[in-house]
Amino acid sequence: MLTVSLPDGSRREYPQPVSVAEIAESIGPGLAKAALAGKVDGQLVDTSHVLEHDAEVSIVTDRDDDGVEVLRHSCAHLMAQAVQRLFPEAQVTIGPVIDDGFYYDFSYSRPFTPEDLSAIEQTMAEIVKEDLGVERSVLARDEAVELFRGMGEHYKVEIIESIPSDEPLSFYRQGEFIDLCRGPHVPSTGKFKAFKLTSVAGAYWRGDSNREMLQRIYGTAWPNAKELRLHLKRLEEAEKRDHRKIGKQLGLFHFQEEAPGMAFWHPKGWTIYQTIQSYMKRKQDDNGYLEINTPQLVDFSLWEKSGHAAKFSEEMFTVESDNRQYAIKPMNCPCHVQVFNQGIKSYRDLPLRLAEFGSCHRYEPSGSMHGLMRVRNFVQDDGHIFCTEEQIQSEVARFNEFLFGIYRDFGFDEIVLRLSTRPQKRVGSDELWGQAEDALKQALDATGLDWQLAPGEGAFYGPKVEYSLRDCMGRLQQCGTIQVDFFTPGRLGAQYVAEDNSRRTPVMLHRAALGSFERFIGVLIEHYAGALPVWLAPVQAVVMNITDNQADYCREVGDSLKSKGFRVGLDLRNEKIGFKIREHTIQKAPWLLVVGDREAQSGSVSVRKLGGEDLGKMTIEAFSERLGGEVARRGRTG
RNA sequence: GCCGCUAUAGCUCAGCCGUGGUAGAGCAGCUGACUUGUAAUCAGCAGGUCCCGAGUUCGACUCUUGGUGGCGGCACCA
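Residues numbered from 1 in each chain as written. Chains lettered and ligands numbered in written order. Predicted model: local features only at pLDDT ≥ 70, side-chain atom pairs only at ≥ 80, totals over all residues. Heavy atoms only, no water.

Draft legend 1. Geometry of the sheet that holds strand 12 (residues 169–174). Sheet architecture is open: three strands sit in the order 11-12-13, paired in antiparallel fashion. Whereas interior strands pair on both sides, the edge strands pair on one side only; in this sheet they are strand 11 (134–139) and strand 13 (177–180). The average angle at which neighbouring strand axes cross in this sheet is 25 degrees, direction not considered. Where strand 12 and strand 13 come together, four bridges link them in antiparallel fashion. When the sheet's bridge partners are listed, Gln 174 is paired in strand 13 with Phe 177. Relative to strand 13, helix 3 (residues 65–86) is tilted by about 130 degrees, and along the sheet it contacts strand 12 and strand 13. (Pairing = 2+ DSSP bridges. Helix = DSSP H or I, 4+ residues; strand = E, 2+ residues; numbered from the N terminus. Axes fitted to C-alpha atoms, helices over the stretch in contact; angles between N-to-C directions. Contact = heavy atoms within 4.5 Å.)

Draft legend 2. Region of the structure containing the pattern of salt bridges. Counting across every chain of the model gives 36 salt bridges. Between Arg 470 and Glu 414 there is a salt bridge, with its nearest N and O atoms 3.0 Å apart. Here Arg 470 is found in strand 26 (residues 464–470), whereas its partner Glu 414 is found in the loop between helix 13 (392–409) and strand 24 (415–420), with 56 residues between them in sequence. The class of Arg 470 is partly exposed, set by a relative accessible area of 30%. Members of the salt-bridge network, linked through shared partners, are Lys 283, Asp 409, Arg 634 and Arg 636. (Salt bridge = Lys/Arg side-chain N within 4 Å of Asp/Glu carboxyl O. Buried < 20%, exposed > 50% of the residue type's maximum accessible area, 1.4 Å probe, protein only.)

Draft legend 3. Structural detail: the protein's contact with RNA strand B. In the neighbourhood of RNA strand B, 48 residues make up the surrounding shell, with Met 331, Ser 366, Asn 574, Arg 582 and Glu 599 lying closest. Taken together, the sugar and phosphate atoms account for 47% of what RNA strand B places within 4 Å of the protein. At a separation of 2.9 Å, a sugar or linking oxygen of RNA strand B approaches a polar side-chain atom of Tyr 218. Those elements that provide at least two residues to the surface near RNA strand B are strand 14 (194–204), strand 15 (213–222), helix 8 (243–249), helix 11 (308–312), helix 18 (577–586), helix 19 (597–602) and strand 34 (604–609). Among the elements that line the surface near RNA strand B, the one with the most residues is helix 18, at six residues. Looking at the surface near RNA strand B, its residues break down into 18 nonpolar, 15 polar and 15 charged. (Near = heavy atom within 4 Å. Polar contact = N/O pair within 3.5 Å; in protein donor to acceptor, adjacent residues only side chain to side chain. Nonpolar A, V, L, I, M, F, W, Y, C, P; charged D, E, K, R; others polar.)

Draft legend 4. Broad picture of the pairing of strand 15. Counting buried positions over the 10 residues of strand 15 gives eight, a clear majority of the element. Relative to strand 15, strand 10 (residues 101–107) runs antiparallel, the two being bridged by six bridges. Directly across from Phe 106, in strand 15, lies its bridge partner Gln 215. Pairing geometry for strand 14 and strand 15, over 10 bridges, is antiparallel. Directly across from Gly 202, in strand 15, lies its bridge partner Gln 215.

Draft legend 5. Local environment of the packing of aromatic side chains. Applying the stated criterion to the full structure yields 29 aromatic pairs. Plain terms: the ring middles of Phe 357 and Phe 517 are 5.6 Å apart, the flat faces sit at 70 degrees to each other, and that makes the pair edge-to-face. One end of the pair, Phe 357, is in strand 22 (residues 352–361); the other, Phe 517, is in helix 16 (residues 517–528), with 160 residues separating them in the sequence. Among the residues examined, Phe 357 registers a relative accessible area of 10% and is labelled buried. For the pair Phe 399 and Phe 402, a centre-to-centre distance of 6.1 Å together with 35 degrees between the ring planes defines the contact as tilted. Of the two residues, Phe 399 and Phe 402 are both situated in helix 13; the distance of three residues between them amounts to about one turn of the helix. The class for Phe 402 is buried, based on a relative accessible area of 6%. An aromatic cluster of three or more residues is present, and its members are Phe 253, Phe 255, Trp 265, Trp 270, Tyr 273, Phe 357 and Phe 517. Its guanidinium or amino end placed over the ring of Phe 340, Lys 345 lies 5.4 Å from that ring's centre, counting from NZ or CZ. (Phe/Tyr/Trp six-rings, centres within 6.5 Å; stacked < 30°, edge-to-face > 60°. Lys NZ or Arg CZ within 6 Å of the ring centre and 35° of its normal.)

Draft legend 6. Geometry of the packing of helix 9 (residues 267–286) against helix 16. Following both chains from N to C, one finds helix 9 and helix 16 inclined at 110 degrees, their axes separated by 11 Å at the closest point. Relative to helix 16, helix 9 is oriented roughly perpendicular. When you trace helix 9 past helix 16, the crossing you get is right-handed. Counting all contacts with helix 9, which are made through Ile 272, Tyr 273, Ile 276 and Gln 277, the residues of helix 16 involved are Phe 517, Glu 518, Ile 521 and Leu 524. Taken together, the residues that form the contact of helix 9 with helix 16 break down as six nonpolar, one polar and one charged. (Parallel < 35°, antiparallel > 145°, perpendicular 65-115°, else oblique. Left-handed = near helix turned anticlockwise from the far one by under 90°.)

Structure representation (structure tokens):
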């Protein structure tokens, strides 16, 4: 006799060992049909899993996240089976679940084409119709190696051989197809209702760029056709919001062949850039930072001293002049240490917070560039805090508050924090690391927010916190960071005189809130689909006339608003008002002011919001007050 | 950097393979008419070294090849 407790709190008794599928069946035929897997005492298992003892059990269907994940994982197997039916020579490798879908990597003599993808999709549909049972089995490692070697699946053999020999290996078979897999999987290939293969791309075997390139096929799978459709629609929406596309449509910036990875900023884009920069300058001034500026070109020897040349010399642009080698600076920190090093510093000077809108150049690999998101020339809102070990925690806490306020001003309310701790290869004593990691933890706890731990992912010179914001598409965008550095100040000879008159090396905190202006603007454009909040909009309002009669009055309105510091455009062209409205709506101007004889006579403007809302006539004073209030609120929603 | 795809007018894209014979649309631009009330007024005109180099060919936007840029991934990201 064994007792099964179900999620609703009910209990069922079974006289003998029972499978998850049988439990589902005993609850109801509908559930039995929907069952994709089971959860037994918190562990995900196949529906064929047999319970020997009392347990808490839930039946996993496509209504659970776990169920969808099982579905996607099994869909990867389905695809691999289809590929091998069509291309028997293709070798299978790995096929995991990713966000919204799955992929599977294959080794094959030629690249797969889009036509291949649709053929594979068709074959997948056939296998679904065949409704093949999926069976789990366990093999000893040597048997498994022999089996896959016999099948010519050399990549699988390599995987199996890399698994410790005492671990039991599970396999899943559906029809003629068998794959090494931890599982669980759906009970049969008839369970798939909505999937699509989305793309094919190259990917290195085992993620190692020194090894062969495989062919990765990406797919997506959903519980039903409707959800698949919604997913594809979301992708379409994301494409519409692509900052490269919007940047072109709104005339914000461009790239061209002569300067790969370096933006040419147009007037409107540069206005956004400058608006953000002056906002950041003000924030940093208020927060105790001292703004500095350091050279673009610095003798290569400084990069050797700082240790960067050893690791990144390939990624640095260099310039030779008068037999001297210079590097165009790839980062600002060594220069900031030079500023710190001028004159004698006392413990009384600490913490010393230096900030620079530092333009950096890095020779990023050609394939890694992506619009404004990854460029070769970018400006960081960079800052370095020189402080003592004891000051780390309060400085990090201070930075947290600083950064949260800034993100809220830009309209981002959800922030994800991640603490990266000591890696294998590192400098500094364990004691120092422990102290720094504790300081960061305490500062993070003090925020009252959840944070994630990324063990071993810190820089070699110290632990760090990364701040990601969630955009309106639900994507996480890593922007801010604060990094403890025990290494660079000492290496570059930074010192201060301590209370006891001894010479000590300060700790340096590298920090940035936005990361780079380029990337942050890219994120903003996508988040707002180009319709930036008024405080950031390059043109905040457009005044337009109905006929030539009101042109002079429009100019007066424009001048009056400009004198109050607003960014105003005039559209006095001889065009119909509908045409002008359409054009400025497409250009995402947040406020449109229509002026005809009625307004000109009464000294007012007719006010229309970007979305089409008509606020009717108001005086120029009333409008500018409204606009001013909106600018002051920035992007804050709450 | 690696795999695949790709580059035609300011922009978005046809044409290109089968079938090699120096290009077409819409929007934007210019000119003219129209003076207009909340998402496209009408007519006319003009606009291209078909990314760059080499090859095949009587002839290359088209085929082959080498570059460069871009796109989708992978790898990288101080």
